[in-house]
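# Structural characterization, general
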Amino acid sequence: MAASIVKRVSRVKKFNISHISARNKLLTGFRHFSTSKQWNKALVLGVYENESTDSIDFTGTARKFDEKADGKISQLLLTVKKPLKCGKTRTLHAVDPEFSSVLVTCIGKRGEGYDELETVDKGRESIRAAVAKAVLQLRELGENEIEVDSCGDTEASAEGCHLALFSYDDLKAEKSRKPTVRISCATRYSQDKNSMEIEWRKGAILAEGQNLSRRLMEMPANLLTPTKFAEIIKEQLADKCEVLVRDKDWAESMKMGSFLSVARGSVEPPVFLEIEYKGRQSDSPLALVGKGVTFDTGGISIKPSQGMDAMRGDMGGAACVAGSLLSVSKLQLPVHVKAFIPLCENMPSGSATKPGDVVTAMNGKTIQVDNTDAEGRLILADALCYSEQFNPSLILDMATLTGAIDVALGAGAAGVFTNSENMWNKLQKASVRSGDRVWRMPLFNHYTKKITECQLADLNNIGGSRSGGACTAAAFLKEFVNNKNWLHLDIAGVMSNSGDVAYLGKGMSGRPTRTVIEFINLMSKETKN
Ligand code: BES
Ligand code: ZN
Ligand code: ZN
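Here is what the cut-offs are and how they apply
Residues numbered from 1 in each chain as written. Chains lettered and ligands numbered in written order. Predicted model: local features only at pLDDT ≥ 70, side-chain atom pairs only at ≥ 80, totals over all residues. Heavy atoms only, no water. Helix = DSSP H or I, 4+ residues; strand = E, 2+ residues; numbered from the N terminus. Rg over C-alpha atoms; globule rule 2.2 N^0.38 Å. Buried < 20%, exposed > 50% of the residue type's maximum accessible area, 1.4 Å probe, protein only. Contact = heavy atoms within 4.5 Å. Areas by Shrake-Rupley, 256 points an atom, 1.4 Å probe, with all protein chains shown as cover. Donors = N, O, S within 2.8 Å, 3.2 Å for Na, K, Ca; no water. Tetrahedral: all angles 85-135°; square planar, octahedral: opposite > 155°, others 65-115°. Near = heavy atom within 4 Å. Polar contact = N/O pair within 3.5 Å; in protein donor to acceptor, adjacent residues only side chain to side chain. Nonpolar A, V, L, I, M, F, W, Y, C, P; charged D, E, K, R; others polar. Core = buried A, V, L, I, M, F, W, Y, C linked by side-chain atoms within 4.5 Å. Phe/Tyr/Trp six-rings, centres within 6.5 Å; stacked < 30°, edge-to-face > 60°. Lys NZ or Arg CZ within 6 Å of the ring centre and 35° of its normal. Salt bridge = Lys/Arg side-chain N within 4 Å of Asp/Glu carboxyl O.

The subject of this paragraph is the overall build of the protein. Assigned secondary structure in the protein consists of 17 helices and 22 strands. For 529 residues, the compact-globule estimate of 2.2 N^0.38 gives 24 Å, and the C-alpha radius of gyration of the protein, at 26 Å, lies within 12% of that figure. In terms of principal-axis extent, the alpha carbons of the protein reach across some 90 × 45 × 40 Å. Relative to its full complement of 529 residues, the protein shows a buried share of 58%. Summarising the internal contacts of the protein: among those between residues at least 6 apart in sequence, 76% fall at separations of at least 24. About 21,800 Å² of surface is accessible on the protein, with carbon and sulfur atoms providing 51% of the total.

Below you can see the structure in the form of structure tokens.
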């Protein structure tokens, strides 16, 4: 205790010397605060980018706080002549008896919104990034409790905080600290307390869904087998959804020869998960389908060993389906969703499928497996066929399907292949809000021809050449779908984050979970689902 008081005092002294030695009026205040025992919290305040060197353009909350603090925040910020730029921060100490640190973060230009070229709401995206940086810096300073400015968009602010503070350290002895974060203005400066707290909770739940996807994707494949995946999903969702765990015999009885051909090389038994969330009575659910390859070695067409560890994330589609369902059910959206998740390992062994083998999918189509590394489309083929049996109003599948989509779009956006202009518009609208972008790709017959030219069977599982690899994979899936509202999201390029998204740490990204939740939210407003 004594040590912590000494630390506080020395921090104040340092601040006095470097910034405000000439400001006697303020110093009186600091002397008083230095003996206060209430310093256990930090505050994040937003400012807009502003060229002026003699005024600060505060957010509503920040302005009220500055007024309450007799203009100390603006005075201190104006002691240096360089205006804050978007994404930059200043940390002030000892400006309020309640907060040990007040971190001012710049959220970009006032009034920024939809940017057509970027196809994103820039205002919301800047808030996420600015707030994320702020909470991480405050954690670095040892702060345990952080109050955060809504910055004019409470939901985006909550998303930024909760996504930034995620880390996968379940397997480390030393865990990273998780300060508690809460909305600031809701409790003191705003008339609109309740609605702000609701928005904050919504943002936190959106982030929680994405964080579940990230955790599942990051988990090593020796721990996250198909069986374990099913167990975790039951734990996470069973109180809100019905979770059916189907085994190999069931898949055999359903004639899922394509799915089973991938699983057969592994000693880990395959699992087919069927999950239902009934937030409304309806006969035409939204169907979600996710690729759940818990590890992709490539099988007999084995992958090069460098970077193969990333293939633990090859169940990213399944993870994003699970993360979306977690949020949709926690938000109690009035919508009926059914999810289908084929889970297996793709391993080489004496029992593995060999190049040139022919397998039969649930709809009777035969497939020549020319490359066992193109396994995602094989397991999805049966899952898509099965999902059609439930009269879905739409089918949305997600899969870390091809390296080719990474070549095409990188981590900029998930590739979307859809037969519906209307669905495309809705998904894009959702992604503008979430900041987790999508980009439309073609489903031309040109690509279908590549996978229907086949020596031994109806289809081959690779399109001959590598050209247009993401498009031939999508064309292959199209052979297993009749639904007029089908969306296929190839998420291999957005699987992991290496610093592109400022508010996600390095590692598996859980993208595009929040876009899908927003999309389901939009669809829940339509009567049919
Ligand atoms: N899981 C991979 C795709 C992938 C690549 C995901 C990079 C995440 C990051 C998929 O199963 C695969 O191996 N696809 C092959 C297909 C090819 C053999 C036609 C590919 O993209 O190289
Ligand atoms: Zn593969
Ligand atoms: Zn794969």
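Before going further, it helps to spend a moment on the coordination of the zinc ion (ligand 3). The coordination sphere of the zinc ion (ligand 3) contains the protein donors K291 (NZ), D296 (OD), D314 (OD) and E375 (OE), at a distance range of 2.0 to 2.4 Å. Relative to the metal, the 6 donor atoms surrounding the zinc ion (ligand 3) lie at angles of 76 to 174 degrees, and the coordination shape comes out octahedral. The sequence pattern describing where the donors of the zinc ion (ligand 3) fall on their chain is K-x4-D-x17-D-x60-E. With a relative accessible area of 2%, D314 lands in the buried category.

This brings us to the coordination of the zinc ion (ligand 2). Binding of the zinc ion (ligand 2) to the protein goes through D296 (OD), D373 (O), D373 (OD) and E375 (OE), at separations of 2.0 to 2.2 Å. Here the zinc ion (ligand 2) is ringed by 6 donor atoms whose angles at the metal span 71 to 167 degrees, and the overall shape comes out irregular. Site description for the zinc ion (ligand 2): donor spacing in sequence, D-x76-D-x1-E. The distance between the zinc ion (ligand 2) and the zinc ion (ligand 3) comes to 3.2 Å, and D296 binds to both of them. Linking D296 in strand β12 (residues 292-296) with D373 in the loop between β15 (366-369) and α12 (376-388), this pair joins segments that are 77 residues apart in sequence.

Our next topic: the site of ligand 1. For ligand 1, the set of nearby residues contains 16 residues, the closest of which are D296, K303, D373, E375 and G403. Measuring from an oxygen atom of ligand 1, one finds a side-chain N or O atom of K291 at 3.3 Å. Here G403 contributes a backbone N or O atom positioned 2.7 Å from an oxygen atom of ligand 1. If ligand 1 stood free it would expose 520 Å²; the protein chains cover 76% of that surface. Tallied by class, residues from the shell around ligand 1 come to 5 nonpolar, 4 polar and 7 charged.

Ranked by size, the top nonpolar core spans 63 residues in total, and within it L216, F229, L273, I275 and L396 carry the most contacts. Looking at this core, the element that brings in the most residues is helix α11 (residues 316-330), giving 8 residues.

On to the packing of aromatic side chains. Centre distance and the angle of the planes are the two values used to describe a pair of aromatic rings. Under the definition given, this model contains 10 aromatic pairs. Arranged with centres 6.1 Å apart and planes meeting at 70 degrees, the rings of F259 and F272 form a pair that is edge-to-face. With a gap of 13 residues between them, F259 in helix α10 (residues 257-263) and F272 in strand β10 (residues 271-278) connect regions that are remote in the sequence. Across the pair, exposure class does not vary: F259 and F272 are buried alike. The structure contains a cluster of three or more aromatic residues connected by ring pairs, namely W250, F259, F272, F340, Y386 and F390. A cation over a ring is seen here: K338 above F390, with NZ or CZ 4.6 Å from the ring centre.

Attention now moves to the pattern of salt bridges. By the definition in use, this model includes 37 salt bridges. Notably, a salt bridge pairs E51 with K85, separated by 3.4 Å at the nearest N-O pair. Here E51 is found in the loop between β1 (41-48) and β2 (57-58), whereas its partner K85 is found in the loop between α4 (72-77) and β3 (89-93), with 34 residues between them in sequence. Exposure remark for E51: the relative accessible area of 58% places this residue in the exposed category. Residue classification places K85 among the partly exposed residues on the basis of a relative accessible area of 42%. Measuring nitrogen to oxygen at the nearest pair gives 2.9 Å for the salt bridge that ties K303 to D373. One end of the pair, K303, is in the loop between β12 and α11; the other, D373, is in the loop between β15 and α12, and 70 residues separate them in sequence. You can call K303 partly exposed: its relative accessible area is 22%. Salt bridges sharing partners connect three or more residues here, namely R124, D153, E155, K202, R433 and E518.

The next subject is unusual backbone geometry. Glycine aside, the phi torsion of most residues is negative, and most peptide linkages are trans. The step from R511 to P512 runs through a cis peptide bond, and the omega angle for that step is 0 degrees. Along the polypeptide, P512 turns up in the loop between β22 (507-508) and α17 (513-524). Positive phi, normally seen in glycine, also occurs at A94, with a value near 60 degrees. Positionally, A94 belongs in the loop between β3 and β4 (99-106). Here A94 falls in the buried class, since its relative accessible area comes to 1%. Positive phi, close to 60 degrees, is recorded for K255, a residue that is not glycine. By relative accessible area, K255 is classed as exposed at 60%.

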